[in-house]
Amino acid sequence: MTRFAAATALASSLAYCLSMGGAAWAQAPQKPQERMVVDARELVYDNKNNKVSAVGDVQILYQGRTIEADTVTYDRASKRVIATGNARITESNGTVITGDRFNLTDDFRDGFIDSLRVVNPDKTRFTAPRAERTDGETFVFEKGIYTACEPCKDNPEKPPLWQVRSARIIHKKSEQTIYYEESRLEFAGVPLAYIPYMSGPDSTVKRKSGFLSPTFMNTGAAGFGVGLPYFFNLAPNYDLTVTPSYLSRQGFLGQAEWRHRLENGSYNIRAAGIFQQEPEAFLQSPLGARDSDFRGSLETSGKFFINPRWNFGWDVAMSTDRWFWKNYRIRSESIANGTFLQESISTAYLNGQSPTAWFDLRSYYFQTLSALDWQKQQPVVLPVLDYNKRVHKPSFLGGELAFNVNVTHLTRDKAAFKELPVQSAYLINVPTTATQTGYSLYDACVVYQKGSCLVRGIAGSVARATAEVSWRRNFIDPIGQVWTPYASLRADIFSVNPSTSGYPNANVNSLVDTSDEVFGRAMPTIGLMYRYPFVAKTSWGTHIIEPVAQIVARPNETNSLRVANEDSQSLVFDDTNLFEWSGKFSGYDRLEGGTRANVGMLYTGRFGSEAYANFLVGQSYRLAGRNSFAHGDLVNTGLDSGLETNRSDFVARAQVSPFKNFFLTGAARLDESTFEAQRVDAAATYSNSKFSASVGYGRYEPQPNLGVPRRREGLNLNGSLAVAQYWRVRAGVLFDLDKYKYDRERYRDAYQLAQISPAVYATPAYPKTDVFQPASLNFGLNYTDECTVFDVSYSQYYADRQAGATKDTRTVMFRLELRTLGELSYSQSLGQSSADGVNTTTR
């Protein structure tokens with residue numbers, strides 16, 4: 001043996017020896033990427049055994065791979081490379097392979113590895129006492145272990161949160177698939193599940209055909225159900241997912257989703273359907289879908305870009321009945337979520353925008369998901385067009401010139417009514433008896449006349465076109481006063497074609513003029529706003545006090561009783577619309593008229609780098625002309641708003657943040673003479689990395705002219721707390737603070753009926769509700785780390801008092817996600833409300 005030593009020598013001779021392993025290598029010139037670079041402290045030539053060894057901090061770079069070890073020996077006879085002592089291979093993709101001993105071919109592609117540990121670029125890990133790699137692409141791990149969890153920093157030998165321990169793990173790179181044979185799923189080292197065989201994609205796969213994680217559900221009406229989705233990777237830009245599910249009470253439920261991405265956009269189609277085995281698990285029409293053997297849904301959504309500024313799209317959903325999605329836990333992107341109110345909104349649109357202009361053309365179809373609403377009373381909006389264009393600093397005026405256009409057309413099959421002052425008449429009435437709970441559906445009126453009945457929507461068609469041009473400009477005088485003149489001109493054209501045929505449409509005749517007509521109106525406006533901010537600096541902050549005054553002059557509003565008010569029914573007078581130039585109505589159908597002055601005082605303070613406060617108080621005055629808010633339209637919009645008197649109610653706003661992450665907000669409307677609160681909204685929020693909490697409170701006084709005879713009051717509490725590393729608990733509750741009053745009123749009425757007609761009406765039980773009556777409740781536990789998401793939650797929605805439901809809706813949901821392996825979810829219904837269309841008397 002001849003020994004050559006160097007501190008850190010570039011051992012090109014070893015590279016030469018390795019390259020001489022094949023005759024072709026000796027004859028053909030090497031490509032740059034095939035050159036081998038060897039770095040070691042010492043080279044040892046064993047001529048007798050025909051071996052060459054690199055000893056001490058060995059590093060070999062070859063074909064994008066790097067091998068490191070204490071000793072690397074090349075046996076020229078067997079063409080094998082043996083690396084021992086802290087052996088490590090780093091692949092070109094970042095995968096790191098470590099072991100006690102490597103026995104490899106001379107190109108490092110194949111071989112055996114003892115005490116193997118593999119760390120992939122996505123932080124997934126394999127370990128095995130022994131592994132073999134063949135053909136440069138197939139790894140076989142004997143008694144292998146796989147996990148996506150990081151090892152414990154304090155104790156790396158401690159079992160990870162979860163791991164898959166298999167008799168053999170086979171990783172085939174060409175198939176991008178990992179196969180597991182005779183596996184056990186272990187949590188914290190404890191076996192919890194035995195899986196004879198399974199396979200899954202490796203970390204390089206983004207899309208691959210195969211089974212997805214199963215889904216589970218259990219409800220009283222559908223029974224226990226399990227679904228097994230299968231994903232078809234048909235092409236890089238389109239795929240299909242089919243999910244057959246079996247439900248123990250209702251049979252097979254089929255679901256499918258098609259997704260397709262094109263160069264300028266994408267779309268998807270989702271379908272679901274079932275032939276029910278036990279329709280009697282649901283209520284009869286109109287409260288449920290017992291009359292239907294087949295139930296299903298069809299949905300599609302898409303968005304495409306015509307160019308960078310223009311796009312079109314759609315989101316359309318259809319179902320055989322309003323309860324299908326909820327009964328079978330079908331996910332629908334079209335559903336507008338709410339605790340007590342849900343509807344499916346379908347729309348199609350064309351949208352364009354530029355830095356100074358915006359265009360939107362769309363249509364709407366609303367499918368109600370509550371038995372309280374009649375589908376024929378829902379409007380179909382086709383189309384609604386909005387266009388806005390702003391011209392900044394026009395040469396002849398300065399300031400800002402704005403153009404605004406709106407066109408709306410809608411149709412409705414049946415007229416919608418609301419009785420005043422208390423709703424007592426309905427289109428459908430079923431009394432409570434000893435065998436069933438009564439219900440009343442679809443609002444009607446005892447007497448159809450102005451003052452005792454509102455028309456929330458007329459049957460037939462209504463169209464309106466609006467065009468408006470406006471201008472405003474700020475002037476700042478030498479002493480800092482800000483003057484903003486404003487002018488606008490608006491024109492509207494209405495086309496009303498009522499339908500009075502059939503019940504209840506004919507009742508509209510006594511409330512409105514039902515003749516077909518086309519009429520218009522014009523509204524010029526001039527105004528001026530004045531602001532004078534005063535700034536003061538103190539040792540503890542900066543303060544800005546700003547008085548604001550605005551005067552707006554318009555002629556009287558015309559045709560308010562002829563207008564079918566569709567988009568301006570919601571009027572909330574508060575700080576946000578006190579100084580609104582276009583008026584305080586929320587839509588286009590109503591238009592503020594007369595001369596009005598709006599005044600207020602604004603304070604803003606900043607204290608240090610984080611604390612601030614903002615306060616506003618103001619009032620509106622009718623100076624001349626007809627008060628648009630004192631004369632109700634078909635739905636009495638404007639009455640009970642705080643604006644119907646010459647001096648409006650006071651509106652106030654407060655926003656305070658005393659320190660970082662803590663916010664207090666509040667808004668109120670106070671009676672102009674007694675200062676009693678007519679509307680209060682308040683909230684407090686705090687959050688940091690460990691804890692978050694929010695409190696919301698709302699109180700709204702009765703509005704009898706709008707059909708709201710009682711006060712509405714609620715309290716909402718939500719919070720979450722990190723109880724340990726990765727662990728967080730959360731909870732929330734919504735209190736209906738006036739439900740006890742409503743329940744006692746219902747008891748009183750039902751008791752009187754039972755006394756008058758005991759053979760027809762059963763004697764009701766006295767309500768047990770109190771002031772702090774929960775309307776909804778939820779709490780949950782979540783664990784999230786780098787490899788696992790675990791979440792369990794409980795939610796309860798209390799019986800819908802208006803729908804006549806007697807049972808709460810209670811649901812437990814469980815979700816477990818193991819990174820790279822899949823997700824498991826389960827939903828268990830502990831009780832369903834009859835408001836969901838479920839027959840709660842049979843199981």
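So, how was this worked out
- Residues numbered from 1 in each chain as written.
- Predicted model: local features only at pLDDT ≥ 70, side-chain atom pairs only at ≥ 80, totals over all residues.
- Heavy atoms only, no water.
- Helix = DSSP H or I, 4+ residues; strand = E, 2+ residues; numbered from the N terminus.
- Rg over C-alpha atoms; globule rule 2.2 N^0.38 Å.
- Buried < 20%, exposed > 50% of the residue type's maximum accessible area, 1.4 Å probe, protein only.
- Contact = heavy atoms within 4.5 Å.
- Areas by Shrake-Rupley, 256 points an atom, 1.4 Å probe, with all protein chains shown as cover.
- Pairing = 2+ DSSP bridges.
- Core = buried A, V, L, I, M, F, W, Y, C linked by side-chain atoms within 4.5 Å.
- Polar contact = N/O pair within 3.5 Å; in protein donor to acceptor, adjacent residues only side chain to side chain.
- Phe/Tyr/Trp six-rings, centres within 6.5 Å; stacked < 30°, edge-to-face > 60°.
- Lys NZ or Arg CZ within 6 Å of the ring centre and 35° of its normal.
- Disulfide = S-S within 2.5 Å.
- pLDDT = per-residue confidence, 0-100.
- Salt bridge = Lys/Arg side-chain N within 4 Å of Asp/Glu carboxyl O.

Asker: Describe the overall build of the protein, naming the residues involved and giving the relevant values.
Answerer: When you go through the protein residue by residue, the secondary structure sums to four helices and 50 strands. Taking 28 Å as the expected radius of gyration for a compact globule of 843 residues, we find that the protein reaches 37 Å, considerably beyond that expectation. Along the three orthogonal principal directions, the C-alpha set of the protein runs to about 115 × 85 × 50 Å. Scored against the burial criterion, the 843 residues of the protein give a buried share of 44%. Residue pairs in contact within the protein that sit at least 24 positions apart in sequence constitute 53% of those at least 6 positions apart. Counting only carbon and sulfur atoms, one obtains 57% of the accessible surface of the protein, whose full area is about 42100 Å².

Asker: I'd like a description of the pairing of strand β25 (residues 357-368), backed by residues and values.
Answerer: Here strand β24 (residues 343-354) runs beside β25; their pairing, made up of twelve bridges, is antiparallel. Bridge pairing in β25 links I345 to F366. A loop of two residues connects β24 with β25, the two strands running antiparallel in sequence. The pairing of β25 with strand β26 (residues 380-392) spans eight bridges and is antiparallel. Looking at β26, one finds that L361 is bridged to L385.

Asker: Give a detailed account of the nonpolar core, specifying residues and quantitative values.
Answerer: Ranked by internal contacts, the top residues of the largest apolar core, which has 43 residues, are F102, F141 and W162. If you tally residues by element for this core, the top one is strand β3 (residues 51-62), at five residues. Not counting chain neighbours up to four residues away, the residues in contact with F141 comprise L116, V118, F126, A128, R130, A131, A167, R168, I169 and H171. Of all hydrophobic cores here, the second largest spans 29 residues; its members include L283, L511, A564 and L634.

Asker: Run through the environment of N614, naming residues and quoting values.
Answerer: Locating N614 in the fold gives a position in strand β39 (residues 611-624). Since its relative accessible area comes to 12%, N614 is described here as buried. Measuring from C-alpha to C-alpha, the distance between N614 and S332 comes to 41 Å, with 282 residues separating the pair along the chain. In this view, N614 contacts L602, Y603, T604, R653, A654 and Q655; residues no more than four positions away in its chain are not counted. Only 2.6 Å separates the side chain of N614 from the side chain of R653, close enough to count as a polar contact.

Asker: Requested: an account of unusual backbone geometry, with residues and values cited.
Answerer: In this structure, P286 follows S285 across a cis peptide bond, with omega equal to 10°. Within the secondary structure layout, P286 lies in the loop between β20 (265-275) and β21 (294-305). With an omega of -5°, the peptide bond between L382 and P383 qualifies as cis. Phi at Q176 is positive, roughly 55°, even though this residue is not glycine. In this fold, Q176 is placed in the loop between β11 (162-172) and β12 (177-187). Of note, F675 is a non-glycine position whose phi angle comes to about 65°, a positive value.

Asker: So, the pairing of strand β31 (residues 453-457): which residues are in play, and what are the values?
Answerer: Of all five residues that make up β31, four are buried, and the element is covered over most of its length. Bridge analysis of strand β28 (residues 416-419) against β31 gives four bridges, and the strand direction is antiparallel. What sits directly across from F417, in β31, is V455.

Asker: I'd like a rundown of the packing of aromatic side chains, residues and numbers included.
Answerer: Tallied over the entire structure, the rule returns 42 aromatic pairs. Considering the side-chain rings of F139 and F141, the 5.1 Å spacing of their centres and the 20° angle between planes classify their relative orientation as stacked. Comparing F139 with F141 shows no difference in burial state: the two are buried. Each ring, one from F417 and one from Y448, has its centre 5.0 Å from the other, and the planes form 75°; the classification is edge-to-face. Separated by 31 residues along the polypeptide, F417 in strand β28 and Y448 in the loop between β30 (439-443) and β31 bring together distant segments of the chain. Pairwise contacts between aromatic rings join F126, F139, F141, Y146, W162 and Y180 into one cluster. Across from the ring centre of W323, 5.5 Å away, lies the NZ or CZ of R322, which sits over that ring. Positioned above the aromatic ring of F519, the side-chain terminus of R562 is 4.2 Å from the ring centre.

Asker: An account of the state of the cysteines is requested, with residue identities and associated values reported.
Answerer: Scanning the entire structure with this criterion turns up two disulfides. A sulfur-sulfur separation of 2.1 Å characterises the disulfide bridge that pairs C445 with C453. Disulfide C445 to C453: torsion about the S-S bond roughly 80°, handedness right-handed. Since its relative accessible area comes to 6%, C445 is described here as buried. Each disulfide in the protein links cysteines that, numbered along the sequence, combine into the pattern 1-4, 2-3. Cysteine C152 is unpaired, with the sulfur of C149 as its nearest cysteine sulfur at 12 Å.

Asker: Tell me about the side chain of E672, residues and numbers included.
Answerer: Note on placement: E672 falls in the loop between β42 (662-670) and β43 (677-687). Given a relative accessible area of 18%, E672 falls into the buried group. What E672 contacts, discounting residues up to four positions off in sequence, is Q619, T645, R647, S648, D649 and F650.

Asker: Run through the confidence of the model for the protein, naming residues and quoting values.
Answerer: Of all residues in the protein, 93% have pLDDT values of 70 or greater, and the mean over the chain is 89. Overall, residues 1-30 carries pLDDT values under 50, and its contacts beyond four positions in sequence, including any with other chains, amount to 49 contacts. Per-residue pLDDT stays below 50 along residues 801-805; that stretch engages in 17 contacts with residues further than four places along the chain or on separate chains.

Asker: An account of the environment of A652 is needed here, citing residue identities and associated values.
Answerer: Relative to the helices and strands, A652 is located in strand β41 (residues 650-657). For A652, a relative accessible area of 24% puts it in the partly exposed group. Separated by 51 residues in the primary sequence, A652 and M601 place their C-alpha atoms 9.7 Å from one another. Apart from residues lying up to four places away in sequence, A652 is in contact with D575, L616, V617, G666, A667 and A668.

Asker: Any details on the pattern of salt bridges? Residues and values, ideally.
Answerer: Counted under the stated rule, the structure contains 43 salt bridges. Put simply, E186 and R165 hold a salt bridge, and the shortest N to O gap is 3.0 Å. Here E186, found in strand β12, pairs with R165, found in strand β11; they are 21 residues apart in sequence, far enough to count as distant. Overall, E186 belongs to the buried group, its relative accessible area being 3%. A salt bridge links E672 to R647; its shortest N-O distance comes to 2.9 Å. Here R647 lies in the loop between β40 (637-640) and β41 and E672 lies in the loop between β42 and β43, a separation of 25 residues in the sequence. By relative accessible area, which is 44% here, R647 ends up partly exposed. Sharing partners across several salt bridges, the network here consists of E257, R270, E299, R331 and E333.

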